[in-house]
Number of protein chains: 2
Amino acid sequence: MVTKRGVCPIEDYGYEAIEKVIDMIAGKWKLRILYLLTKYECLRYGELKKHVPGITHKMLSMQLKELEKDKLLVRKEYPQVPPKVEYSLTVKGWGLVPLYEQLGIWVMENREEFMGL
Amino acid sequence: MVTKRGVCPIEDYGYEAIEKVIDMIAGKWKLRILYLLTKYECLRYGELKKHVPGITHKMLSMQLKELEKDKLLVRKEYPQVPPKVEYSLTVKGWGLVPLYEQLGIWVMENREEFMGL
DNA sequence: CAGTATCCCAATAGATACTG
DNA sequence: CAGTATCTATTGGGATACTG
């Protein structure tokens, strides 16, 4: 039953663009990584691993590489031994915050669905 | 380089809730299906299949079942031969429109990234 | 410390055939 | 028309070992 109308802008940008955005932010790990970086602003590889319980070495490595490729975060390597690498968000990455906020709003609107988790 | 601050609400709802939302809307097909229903409001199974080029019978069937289970759309079956089934969005499904709008805004903010598609 | 490489198993999705 | 069942090819992700 349709009870509410709305304007959906997907067509203006094409499916491919939207799907690419979904790919960038979807997934169990990317969301967590991006969120941690909005919170702590700058984290080392090992710190990220500690803060994302359950993620494997391989997955963290792959996800970070993808996020870097998508220009959502930057990787800063310090040329020293032992190596030190820091990750932080780009402006583009920070731009996702309103999207996450909207996500939160929708969760609140349907909170009874999510209480049982 | 961090140049912009923002407040990220993920922690207020817990990762699980947000991940469940992502699961609900992510994926190559769900977004298309939901979008078509915001546009046409009510579509039969075969009409959906026509409007989502490339989707297989099996996938459309599975995705619709999941979307129905997540209460994003409703399935209305007419008891006749040959069978007729119509799909339309629920209020909860329509509630996703602002989320898609925010997605579109972010695409526009980074449009140079998405032009080459 | 911060990765990469390899192997292997489980889950996913496509094609096809069948049904009320 | 609108599905379900089955079989199979491909992929994704975990565990482990190795490297600068």
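In short, a report on the structure. As the structure is a prediction and not an experimental result, all values here were calculated from the model.

## As for the environment of Lys20(A)
Moving on, step 1. Turning to its location among the elements, Lys20(A) is positioned in helix H2 (residues 15-25).
Moving on, step 2. It is 17 Å that separates the C-alpha atoms of Lys20(A) and Val97(A), two residues lying 77 residues apart in sequence.

## Focus on the sheet that holds strand S1 (residues 42-44) of chain B
Residue and element names in this part refer to chain B.
Moving on, step 1. If you walk across this open sheet you meet the three strands as S1-S3-S2, and the pairing is antiparallel. Strand pairing shows two members of the sheet lacking a second neighbour, S1 and strand S2 (73-78), which therefore form its edges. Here the strands of the sheet are splayed against their neighbours by 25° on average, with no regard to which way each runs.
Moving on, step 2. When S2 meets strand S3 (residues 84-89), the two strands line up antiparallel, connected through six bridges.

## Regarding the interface of chain A and chain B
The figure often quoted for interface size is the accessible area lost as the parts come together.
Moving on, step 1. If you look at the interface, chain A gives 59 residues, while chain B gives 58 residues.
Moving on, step 2. For the pairing of chain A and chain B, the buried interface totals around 5,800 Å² over both sides, and the portion due to carbon and sulfur atoms is 68%.
Moving on, step 3. Three residues, Tyr15(A), Tyr35(A) and Trp106(A), lead the burial of chain A against chain B; their summed loss comes to 13% of the area buried on that side.
Moving on, step 4. Scanning the region where chain A abuts chain B turns up six residue pairs in polar contact (both at pLDDT 80 or more).
Moving on, step 5. For the side of chain A that touches chain B, the secondary-structure elements that each account for two or more residues are helix H1 (10-13), H2, helix H3 (30-40), strand S3 (84-89), helix H6 (91-94), helix H7 (97-109) and helix H8 (111-114) of chain A.
Moving on, step 6. Considering only residue class, the side of chain A that touches chain B consists of 34 nonpolar, ten polar and 15 charged.

## A word on the relation of the copies chain A and chain B
Moving on, step 1. Least-squares fitting of chain A to chain B yields an RMSD of 0.1 Å, with the superposition described by an axial translation of 0.0 Å and a rotation of 180°. In the structure described here, the two chain copies are related by an operation that fits a two-fold rotation axis.

## Some details on the protein's contact with DNA strand C
Moving on, step 1. Around DNA strand C sit 16 residues, and of these His57(A), Ser61(A), Arg75(A), Tyr87(A) and Lys58(B) come closest.
Moving on, step 2. Pro83(A) is positioned such that a nitrogen or oxygen atom in its backbone is 3.4 Å from a sugar or linking oxygen of DNA strand C.
Moving on, step 3. Between a phosphate oxygen of DNA strand C and a side-chain N or O atom of Tyr87(A), the distance comes to 2.7 Å.
Moving on, step 4. Of all the secondary structure elements, the ones that give two or more residues to the surface near DNA strand C are helix H4 (45-51), helix H5 (57-69) and S3 of chain A together with helix H5 (57-69) of chain B.
Moving on, step 5. In terms of residues, the surface near DNA strand C owes the most to one element, H5(A), which gives four residues.
Moving on, step 6. Within the surface near DNA strand C, the residues separate by chemical class into seven nonpolar, four polar and five charged.

## Some details on the packing of H7(A) against helix H2 (residues 15-25) of chain B
Moving on, step 1. Packing of H7(A) against H2(B) brings their axes to within 10 Å, and their N-to-C directions diverge by 95°. Regarding the angle of H7(A) to H2(B), the classification is roughly perpendicular. Contacts between H7(A) and H2(B) involve Leu103(A), Trp106(A) and Val107(A) on the former and, on the latter, Ala17(B), Ile18(B), Val21(B), Ile22(B) and Met24(B).
Moving on, step 2. Broken down by class, the residue content of the contact of H7(A) with H2(B) amounts to eight nonpolar, no polar and no charged.

Rules used in this analysis
- Residues numbered from 1 in each chain as written.
- Chains lettered and ligands numbered in written order.
- Predicted model: local features only at pLDDT ≥ 70, side-chain atom pairs only at ≥ 80, totals over all residues.
- Heavy atoms only, no water.
- Helix = DSSP H or I, 4+ residues; strand = E, 2+ residues; numbered from the N terminus.
- Pairing = 2+ DSSP bridges.
- Axes fitted to C-alpha atoms, helices over the stretch in contact; angles between N-to-C directions.
- Contact = heavy atoms within 4.5 Å.
- Buried area = accessible area lost by both parts, 1.4 Å probe.
- Polar contact = N/O pair within 3.5 Å; in protein donor to acceptor, adjacent residues only side chain to side chain.
- Nonpolar A, V, L, I, M, F, W, Y, C, P; charged D, E, K, R; others polar.
- Least-squares fit on C-alpha atoms with pLDDT ≥ 70 in both.
- Near = heavy atom within 4 Å.
- Parallel < 35°, antiparallel > 145°, perpendicular 65-115°, else oblique.

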